[in-house]
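Descriptive analysis of the structure
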Amino acid sequence: MNPVFMERWSPRAFSDQPVDPEDLAAVFEAARWTPSWMNNQPWYIVYATEDPDRQAILDTFMEFNREWASAAPVAGLVVAKTDLEGRMASTRDYDVGAAMMALTIQATMLGLSIHQLGGIELDAAHELLGLDPEVGSVLTGFVLGHRGDPGQLSDKQQAKEHPGDRKPVSEFAVEGTTLPF
Ligand SMILES: Cc1cc2nc3c(=O)[nH]c(=O)nc-3n(C[C@H](O)[C@H](O)[C@H](O)COP(=O)(O)O)c2cc1C
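All residue numbers here refer to positions counted from 1 along the written sequence of the relevant chain. Only residues with pLDDT of at least 70 get local features here, since the model is predicted, and only at 80 or more are side-chain atom pairs given and counted; chain-wide, interface and lining totals rely on the full set of residues. Only heavy atoms go into the side-chain values, all of them from the structure, while hydrogens and water stay out.

1. Some points on the overall build of the chain
Counting from the N terminus, the helices are the DSSP runs of H or I reaching at least four residues and the strands are the DSSP runs of E reaching at least two. When helices and strands are tallied, the chain shows eight helices and four strands. Helices and strands in the chain line up, N terminus first, as α-α-β-α-α-β-α-α-β-α-β-α. Its C-alpha atoms give the chain principal-axis dimensions of roughly 50 × 40 × 30 Å. A total of 181 residues make up the chain; the buried ones form 39% of that total. Counted as positive: Lys and Arg. Counted as negative: Asp and Glu, with His and the chain ends omitted from the count. To locate a charge, take atom NZ for lysine, CZ for arginine, CG for aspartate or CD for glutamate. Taken together, the 13 basic and 27 acidic charged side chains of the chain have centroids lying 6 Å from each other. Relative accessibility decides the category of a residue: with a 1.4 Å probe and only protein chains considered, values under 20% of the type maximum give buried, values over 50% give exposed, and everything between is partly exposed.

2. A closer look at the nonpolar core
Buried Ala, Val, Leu, Ile, Met, Phe, Trp, Tyr and Cys residues that are joined via side-chain atoms within 4.5 Å together make up what is termed a nonpolar core. Ranked by size, the top nonpolar core spans 19 residues in total, and within it Leu24, Val27, Ile45, Met100, Leu103, Phe142 and Leu144 carry the most contacts. For this core, the secondary structure elements donating two or more residues are helix H2 (21-32), strand S1 (43-48), strand S2 (74-81), helix H6 (92-109) and strand S4 (136-145). Among the elements that take part in this core, H6 stands out by supplying five residues, more than any other. Residues count as neighbours in contact if any of their non-hydrogen atoms are within 4.5 Å of one another. Those residues in contact with Met100 that sit more than four places away from it in its chain are Ile45, Val78, Ile114, Gln116 and Phe142. If you look at the next biggest cluster of nonpolar residues, it comprises 18 residues, including Ala48, Phe61, Leu117 and Leu153.

3. Thoughts on the site of the ligand
Residue proximity to a molecule or strand is established when one non-hydrogen atom of the residue lies within 4 Å of it. Taken together, 13 residues lie near the ligand, and Arg8, Ser10, His115, Gly118 and Gly119 sit nearest. Taking Gln116, its main chain carries an N or O atom lying 3.0 Å from a nitrogen atom of the ligand. Take Gly118: an N or O atom from its main chain is 2.6 Å from a nitrogen atom of the ligand. Here the accessible surface of atoms and residues is derived via Shrake-Rupley with a 1.4 Å probe, and residues count as covered only by protein chains that are part of the display. Against a free-state accessible area of 620 Å², the protein chains account for coverage of 61% of the ligand. Contributions of two or more residues to the shell around the ligand are made by helix H4 (63-69) and strand S3 (113-117). In terms of residue count, S3 provides more of the shell around the ligand than any other element does, three residues in total. Residues belonging to the shell around the ligand are distributed by class as follows: three nonpolar, seven polar and three charged. By the criterion applied in these results, polar contacts are pairs of N or O atoms within 3.5 Å in which, for protein atoms, one can donate a hydrogen and the other can accept it, and in which residues neighboring in sequence qualify only through two side-chain atoms. Ten residue types, Ala, Val, Leu, Ile, Met, Phe, Trp, Tyr, Cys and Pro, are classed as nonpolar, four, Asp, Glu, Lys and Arg, as charged, and the remainder, Gly among them, as polar.

4. Details of the environment of Leu131
Residue position: Leu131 is located in the loop between helix H7 (122-129) and S4. For the pair Leu131 and Asp59, spaced 72 residues apart in the sequence, the C-alpha separation amounts to 16 Å. Non-local contacts of Leu131, meaning those with residues more than four positions away in its chain, are made with Val79, His126, Gly136, Ser137 and Val138.

5. Things to note about the packing of aromatic side chains
Here is the rule: rings of Phe, Tyr and Trp (six-membered ring for Trp) pair when centre to centre is within 6.5 Å. Planes less than 30 degrees apart are stacked, more than 60 are edge-to-face, and the remainder are tilted. A full pass over the atoms with the stated rule returns one aromatic pair. Ring centres 4.6 Å apart and planes at 35° place the aromatic pair Phe28 and Tyr47 in the tilted group. Note that Phe28 is positioned in helix H2 and Tyr47 in strand S1, a separation of 19 residues in sequence. Only lysine NZ and arginine CZ atoms are considered, and such an atom sits over a ring when it is within 6 Å of the ring centre and within 35 degrees of the ring normal. Of note, Arg12 hangs over the ring of Trp68, and the distance from its end group to the ring centre comes to 5.7 Å.

Structure below.
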């Protein structure tokens, strides 16, 4: 396995060092090449590096996320197109998640970190983007940047500032046709 998969984890301590515009372009380019149902590419990534847009995006995050995420130089919202039908609709979120993983791995390869956030105020995010839920839906938020000093975090957050654990492959990769549940 390529070490990039172990190098990636979701930090809370970000430095205020800006992200090089070329690196930012590269992470979106990586998302661009994600496979999707019928090549529908149903993802939209709204991001900001400058206030007031950056702050407006951060303001849609729930407080428990905003308190540490505000240090990051790039904040974003991930939107899925909703005016889709049939299997294209049911695979939409799958495709958007795949695009975010491509973006995340490219960011990691460039020495950047990303922390994705489900803890956002969805109504506030839709309002900020002027988004009709029948046309597009905000799925998640994220922050992107360089890792910072864990000392800038609260004690509670510092305790979480390490790579996570995972269940073993044998619990989810099944050879044959019998699921383990
Ligand atoms: C869809 C999604 C939503 C998430 N929501 C949050 C969140 O609101 N707050 C947070 O601190 N982390 C959030 N995370 C990060 C996960 O908690 C994290 O990826 C998981 O614990 C595994 O840790 P690792 O990314 O460091 O390996 C989210 C991740 C994903 C993919």
